[in-house]
Amino acid sequence: MQGFPLAYSHQLLLLRYVHDFYLDGLLLVRRCDITDSYCRQTDKFQRRLLETEHKLKKGVFRNDHVIENFTSFIGRLGPKKIVIIENESRNNSQFYIGLVASADTESVHVQE
């Protein structure tokens, strides 16, 4: 997984996700799920390429995100934002894609 760190809290890390040389949205992950961090030559090349293509604009890296928990972050995205919510637990994997219909402190409702 490749990305640029934007914000972090005690439990979460927010990345500007990079996939196949493309800035591909935001990725919010639990810090306890991160086992290692490194920057390979491929990552350095990809960064230079994104800079050359003028894809690394300042607005892309704004750092005013509040990431207390998943629901508060998603709730601040605003209406009509498309999200992918994925739970990769061993016993009960779940995957949702759609528009955020509503979010509160306990749940997020996605219109599929």
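Structure first, text after, so check above.
This is a predicted model, so every value here is computed, not measured.

What follows covers the environment of Val66. Among the structural elements, Val66 can be located in the loop between α1 (41-52) and α2 (70-76). The partly exposed category is assigned to Val66, whose relative accessible area is 32%. Sequence spacing of Val66 and Gln94 is 28 residues, and the spatial spacing of their C-alpha atoms is 25 Å. What Val66 contacts, discounting residues up to four positions off in sequence, is Phe73 and Arg76.

Position of Ala101 relative to the elements: it lies in strand β5 (residues 94-103). Its relative accessible area of 52% is what places Ala101 among the exposed residues. Note: C-alpha distance between Ala101 and Glu112 (eleven residues apart in sequence) is 9.4 Å. Aside from chain neighbours lying at most four places away, what touches Ala101 is His109, Val110 and Gln111.

Turning next to α1. Over its twelve residues, α1 runs 16 Å from end to end, which matches the ideal 16 Å to within 8%, given 1.5 Å per residue. For α1, the set of buried residues is Asp43, Gln46 and Leu50. One side of α1 holds all its buried residues, which, seen down the axis, span an arc of 60°. Facing away from the buried side of α1 by over 90 degrees, the exposed positions are Gln41 and Thr52. The elements touched by buried residues of α1 are β1 (2-8), β2 (12-19) and β3 (22-30). Following α1 by one or two positions, His54 adopts a phi angle in the positive range, close to 60°.

A few words now on the sheet that holds β3. An order of β1-β2-β3 is seen for the three strands of this open sheet, with the pairing classed as antiparallel. Every other strand in the sheet has two partners, leaving β1 and β3 as the edge strands with one partner each. Each strand axis lies, on average, 25° off the axis of its neighbour in the sheet, ignoring direction. Sheet analysis places β2 next to β3, joined by seven bridges and oriented antiparallel. By the bridge assignment, Val18 is partnered in β3 with Leu23.

Conventions adopted
- Residues numbered from 1 in each chain as written.
- Predicted model: local features only at pLDDT ≥ 70, side-chain atom pairs only at ≥ 80, totals over all residues.
- Heavy atoms only, no water.
- Helix = DSSP H or I, 4+ residues; strand = E, 2+ residues; numbered from the N terminus.
- Buried < 20%, exposed > 50% of the residue type's maximum accessible area, 1.4 Å probe, protein only.
- Contact = heavy atoms within 4.5 Å.
- Expected span 1.5 Å × (residues − 1).
- Arc of directions from axis to C-beta.
- Pairing = 2+ DSSP bridges.
- Axes fitted to C-alpha atoms, helices over the stretch in contact; angles between N-to-C directions.

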